[in-house]
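Notes for the structure review
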Amino acid sequence: MEHSRGPPRVKNKAPAPVQISAEQLLREAVDRQETAIHKPTQRFADLEELKEYQGRKRREFEDYIRRNRIRLANWFQYAQWELEQKEFARARSIFERALDVHPNNTQLWIRYVEAELKNRNINHARNLLDRAVTRLPRVPKLWYKYLWVMEMLGDIPGTRQVFDRWMQWQPDEDAWNAYIKLEKRYGEYERARQIFRMYVQVHPEPRTWLKWAKFEEEFGTTDMVRDVFQTAIQTIAETLGDDEVDERLFIAFARFEARQKEYERARAIYRFGLDNLPRSRSMSLHAQYTTFEKQFGDKEGVEDVVLTKRRKLYEDQVKENPKNYDVWFDFARLEESGGDPERVREVYERAIAQVPPTQEKRHWRRYIFLFLFYAIWEELHAKDIDRARQVYDACLQLIPHKKFTFAKVWVAKAHFEIRQGQLTAARKLLGRAIGMCPKDKLFREYIALEQKLYEFDRCRTLYEKWALYNPANCDTWIKWADLERGLEDYDRTRAIFEVAISQPVLDMPEIVWKAYIDFEEEEGQYERTRALYERLLEKASHPKVWISYAQFEINIPDEEEEEEEEEEEEERPVSEAAKARARRIFERADKSMRDADLRAERATLLAAWHEFEKMHGGAEDVERVARMLPRRTKKKRRLDDDTFEEYVDYVFPADEQQTKNLSNLLALASKWKQTGGTITGGD
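Everything numeric here is computed off the predicted structure, so don't read it as measured data.

Some points on the packing of aromatic side chains
Going through the model one piece at a time under the given rule, you end up with 33 aromatic pairs. Measuring from ring centre to ring centre gives 4.7 Å for F95 and Y112, while their planes differ by 15°; the resulting arrangement is stacked. Taken together, the positions of F95 in helix α4 (residues 88–101) and Y112 in helix α5 (residues 106–118) put the pair 17 residues apart, joining distant regions of the chain. The exposure classification of F95 matches that of Y112, with both residues buried. Aromatic pair Y144 and W166: ring centres 5.1 Å apart, planes at 85°, arrangement edge-to-face. Note that Y144 is positioned in helix α7 (residues 140–152) and W166 in helix α8 (residues 156–167), a separation of 22 residues in sequence. The partly exposed category is assigned to Y144, whose relative accessible area is 33%. Taking the relative accessible area as the measure of exposure, W166 reaches 2% and is therefore buried. Members of the aromatic cluster, connected to one another through ring pairs, are W176, Y189, F196, Y199, W209, W212, F215 and F219. Here the guanidinium or amino end of R111 rests over the ring plane of F76, the centre of that ring lying 4.2 Å away.

Quick look at the pattern of salt bridges
Pairs may arise between side chains of opposite charge once their charged atoms sit close together. For the coordinates displayed, the defined rule picks out 40 salt bridges. Between R350 and E315 there is a salt bridge, and its shortest N-O distance comes to 3.0 Å. With R350 in helix α18 (residues 341–352) and E315 in helix α16 (residues 299–320), this pair connects stretches of sequence that are 35 residues apart. The class for R350 is partly exposed, based on a relative accessible area of 28%. By sharing partners, the salt bridges in this structure join E342, R345, E378, D384 and R387 into a single network.

Focus on a nonpolar patch on the surface
Taken together, the side chains of V18, I20 and L25 present a nonpolar region at the surface, about 310 Å² in accessible area. Counting through the fold element by element, V18 comes out in the segment before α1 (22–31).

Considering a positive patch on the surface
Residues R365, K408, K441, R444 and K479 make up a contiguous surface patch of positive charge. Inspection of the secondary structure puts K441 in helix α24 (residues 440–452). Of the residues examined, K441 reaches a relative accessible area of 32% and is grouped as partly exposed.

Points about the packing of helix α30 (residues 543–555) against helix α33 (residues 599–616)
Helices that pack against each other are described as a pair by the angle of their axes relative to one another and the distance between those axes. At a minimum axis separation of 9 Å, α30 and α33 run at an interaxial angle of 20°. By the criterion of interaxial angle, the relationship of α30 to α33 is roughly parallel. Remark: the crossing between α30 and α33 carries right-handed chirality. Side by side, α30 and α33 meet where P543, W546, I547 and I554 of the first sit next to E601, T604, L605, A608, F612 and H616 of the second.

Regarding unusual backbone geometry
Look at K86: it is not a glycine, yet its phi comes out positive at around 65°. Turning to its location among the elements, K86 is positioned in the loop between α3 (72–84) and α4. We note that Y454 has phi near 60°; this positive angle belongs to a residue other than glycine. Structurally, Y454 can be placed in the loop between α24 and α25 (456–469).

Some words on helix α11 (residues 206–219)
Owing to its 3.6 residues per turn, the α-helix aligns residues three or four sequence positions apart on the same side. Taking 1.5 Å per residue as the helical rise, α11 with its 14 residues ought to reach 20 Å, and the 20 Å between its terminal C-alpha atoms agrees with that figure. Listed in full, the buried residues belonging to α11 are P206, T208, W209, W212, A213, F215 and E216. Among the structural elements, α9 (173–185), α10 (189–202), α12 (222–239) and α13 (247–259) are those in contact with the buried residues of α11.

A look at the UniProt feature "repeat: TPR" (unreviewed entry) in the protein
The UniProt record annotates "repeat: TPR" (unreviewed entry) at residues 72–105. Between the C-alpha atoms that bound residues 72–105 the distance is 10 Å, and the span itself is 79% helix and 0% strand.

A closer look at the side chain of N121
Among the structural elements, N121 can be located in the loop between α5 and α6 (122–135). Look past the residues within four positions of N121 in its chain and what remains in contact with it is R92 and E116.

As for the packing of α6 against α7
One can describe the packing of α6 onto α7 by two numbers: an axis separation of 9 Å at closest approach and a directional angle of 150°. Between α6 and α7, the interaxial angle falls into the category roughly antiparallel. The crossing of α6 and α7 is left-handed. Seen from α6, the contacting residues are R126, L129, D130, A132 and V133; seen from α7, they are L142, W143, K145, Y146, V149 and M150. Residues of the contact of α6 with α7, tallied by class, amount to eight nonpolar, no polar and three charged.

A word on the environment of E520
Secondary-structure assignment places E520 in helix α28 (residues 509–522). Separated by ten residues in sequence, E520 and R530 have C-alpha atoms that sit 9.5 Å apart. When near neighbours in sequence (up to four residues on either side) are disregarded, E520 contacts R494, Q525, R528, T529 and L532.

Some words on the nonpolar core
Membership of the largest hydrophobic core comes to 95 residues, with the highest contact counts inside it found for W328, L370, V409 and V512. Looking at this core element by element, the count peaks at eight residues for helix α20 (residues 367–380). If we skip the residues at most four places from it in the chain, V409 touches I368, L372, C395, L396 and I399.

Observations concerning helix α22 (residues 407–419)
Spanning 13 residues, α22 covers 18 Å between terminal C-alpha atoms, matching the ideal 18 Å at 1.5 Å per step. Listing the buried residues of α22 in full gives A407, V409, W410, V411, A412, K413, A414, F416 and E417. Those residues of α22 hidden inside the fold are in contact with α20, α21 (385–398), α23 (423–436) and α24. Downstream of α22 by one or two residues, G421 has phi in the positive range, about 80°.

Overview of the confidence of the model for the protein
The predicted model of the protein has a mean per-residue pLDDT of 80, with 90% of residues at 70 or higher. Considering only residues more than four positions removed or in separate chains, one finds that residues 565–570, a stretch of pLDDT under 50, has one contact.

Quick look at a negative patch on the surface
Together, D46, E48, E49 and E52 make up a negatively charged patch on the protein surface. Summarising the element assignment, E49 is placed in helix α2 (residues 47–67). For E49, a relative accessible area of 31% puts it in the partly exposed group.

Things to note about the environment of H286
Along the polypeptide, H286 turns up in helix α15 (residues 283–296). Taking the C-alpha atoms as reference points, H286 and G273, separated by 13 residues in sequence, lie 9.1 Å from one another.

Procedures and definitions
- Residues numbered from 1 in each chain as written.
- Predicted model: local features only at pLDDT ≥ 70, side-chain atom pairs only at ≥ 80, totals over all residues.
- Heavy atoms only, no water.
- Phe/Tyr/Trp six-rings, centres within 6.5 Å; stacked < 30°, edge-to-face > 60°.
- Helix = DSSP H or I, 4+ residues; strand = E, 2+ residues; numbered from the N terminus.
- Buried < 20%, exposed > 50% of the residue type's maximum accessible area, 1.4 Å probe, protein only.
- Lys NZ or Arg CZ within 6 Å of the ring centre and 35° of its normal.
- Salt bridge = Lys/Arg side-chain N within 4 Å of Asp/Glu carboxyl O.
- Patch = residues over 30% accessible without salt bridge, like charges linked within 9 Å, V, L, I, M, F, W, Y side chains within 5 Å.
- Areas by Shrake-Rupley, 256 points an atom, 1.4 Å probe, with all protein chains shown as cover.
- Lys, Arg positive; Asp, Glu negative; His and termini not counted.
- Charge placed at Lys NZ, Arg CZ, Asp CG, Glu CD.
- Axes fitted to C-alpha atoms, helices over the stretch in contact; angles between N-to-C directions.
- Parallel < 35°, antiparallel > 145°, perpendicular 65-115°, else oblique.
- Left-handed = near helix turned anticlockwise from the far one by under 90°.
- Contact = heavy atoms within 4.5 Å.
- Expected span 1.5 Å × (residues − 1).
- UniProt positions renumbered as here; feature names shortened; annotations may be inferred.
- Nonpolar A, V, L, I, M, F, W, Y, C, P; charged D, E, K, R; others polar.
- Core = buried A, V, L, I, M, F, W, Y, C linked by side-chain atoms within 4.5 Å.
- pLDDT = per-residue confidence, 0-100.

Here you go:
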C-alpha cells in the first residue's frame, strides 16, 4: 500500500454550487460567539439604600487595604471609587493615607495630582506638586508636571520660579533645554543667554557650547558667536583637559566664519584644530578642512591640507614608535615636498636623535640612511655645504667603529669632498677609514678614485695593503693583475698571479686560476698555459679542468698557422695535430678518473668527449667514444638510520664486460665442483 506524503490531493476541482464570501464567514463566526457576562445594573430606590451600598463598598476596600497595604492598586481603586461618588474629601484622605505608606512613589503623586486637576482643584494640585518636588527633587517627571500646570495657567513668573528651584539641583541637559525653550517662546533672549551661562558651567560638554553658539547665531550678533566659541575652547581645555576638546567645536566655528565670508579666519581655525588635536580625534575636522579648501581655497591651500593630514599621521606614528626609521624617511620626504627648509631640518634632527638602543649592526642599517639623506638634502637642495659636512662628521663620530662600521658613509663623505674640490681631504678621509676599520669596499672605492685620477703608484700601494688585509679575496688579486696588465707590466702581472695561487686559503681559487690561464693564453704563451693546466690538474682533477684543457689544445694554432693568423681573419679549420692533442687530453682524463673510480665525473667527461668527436672527429672516433658512454641506473642504498634512498649510478661497458667474465668464471668453478673436479666438454 502506498503511503501518500504532503497535503491530501483534491480529486474534484470543480466549483461548489453554493459560494460564500469572507464577510459571511466572519458574520457566522460572530453570531456563534457566546455572549459575555455583564455586570448587572444596580438601582437605588432611596438615599438610605445608597448610603448602605457605599458603607458596604467602603468596608470592602478597607478590608483589602488592611490585608495588603503595600499594593498600590488597592489604594488607586479605593480613591477612584470615592471620586466617582464625588466624595473629594474622602478621596484626598485615601491619597494622603497612601502617601504615608508610599511617600516616594512617583506614580502615586502623579495620580493624586491628575485627580485634583481633573476635578478643577487647581490650588490643591499646585500645593501637591510643590510638596512632590520638595519630597522628590531628582524626579524630572514631577518637575515637568509642575511646569506644565504653571504654564497652562499662564503664570509665567511662577513657571520661572519653578525652573529656578529646579536648576539649583543641577538637573540633566533636557531640563536646561526646556528652560531655554520657555524663554525663547516668550522672546526673553537675554534671560535665555543668562541661562546658557549657568548651563555651560554645570554641563561644560562641547554639545552644550554648540547649542549656545547656535542660539547666538540665531538671536545674537557675530561677536557674541565668536566669544562663545573662543570661551568654549578655552574653558573645556582648562576644566576637562585638552583631551576633551572636541573637533565639532572647530568645525562649527570654521563653518560659521565661512558663512560670514571670513575665509582666512576659518582657515586659521581649521589649522589650529589640526595642530592641537591628535589624528585619531580629528578625522572629520580634516575632511571638512579639505572640503573648505576645495570650495574657497587655491591650489596651494589644497596641497597644504594634504600635507597637514600626512604630517599628522606621521606624527602619531613616530610618537607611537620613535625607532621606526621608515616612518622618519617618509616624514622627511613629505617635508621636503613641502619646501619649508626649517621643517625639513627639524624632522631630520628629531630623526637622527633616535639613536639605536644597542650596538648591533643590524639595528643601525636603516638609521645611518637618515644622515645620508640629510646630508644630500643639505648639499643639493639647501645648498648649505658646511651643514652637510657637519652632518657627515656627526654620523662618523656616532658610529662605534671598533665594533662595526659602514663603508657607504665613508665613501659618501669622500665623494662629497671630491664634489667640493677637496681631493686631499677625500684621500685623508679614506686613508683614515682604512686605518681605523678596513673593509673590502673601502679599498675598492679608494682604488677606483685613484684610477680615475691616473695615480697608478697609489693604486699599487693600495692593492698591496688590500692583499695584506685580506689575502683570501680572489677579487683583489685579479683586479690587481688586471691593473698591471693594463699598464703592460706582464712580469709584475705574472708575479701577482703566482703569489695569488700560492695562498693557502682562497675564497674562490678557481677564478684565480682561470684568470691566470686566460692571461697567458691571450698573450700567446701557450707553453706557459700548458704548464699552468698541468699544475692545476695536480691540485684538482676536475672534469671541467680537463675539458677546458682539451678546448685549449683545439684552439691554439700551430707554428705555421701563427704566421698566417695575422693576415687571415677568417675562421680556420682545426688541424689534425690539435685534434690529436685534445684526444690525448681526453684519454688521460678518462684513465685518471677510471683509476680514481669517479663515475659521475667520468660520465661528464665522456659526454664532452663525445660532443667533441661529433664536431671534429670521424665516424669511427664517434663510434669508439659512444661505446664508452655509461648507462644510467637507479639504485638504493642504506642510510645510517636504516632507511633507503635512491641515487643515480653509472654503469660503464668495460665494467659490464668485466662483470660478465667474472660471472662465467664463477659458473665454471661451480660446475667443476659439481662434477667432482673434472669437466668434460663445454663451450
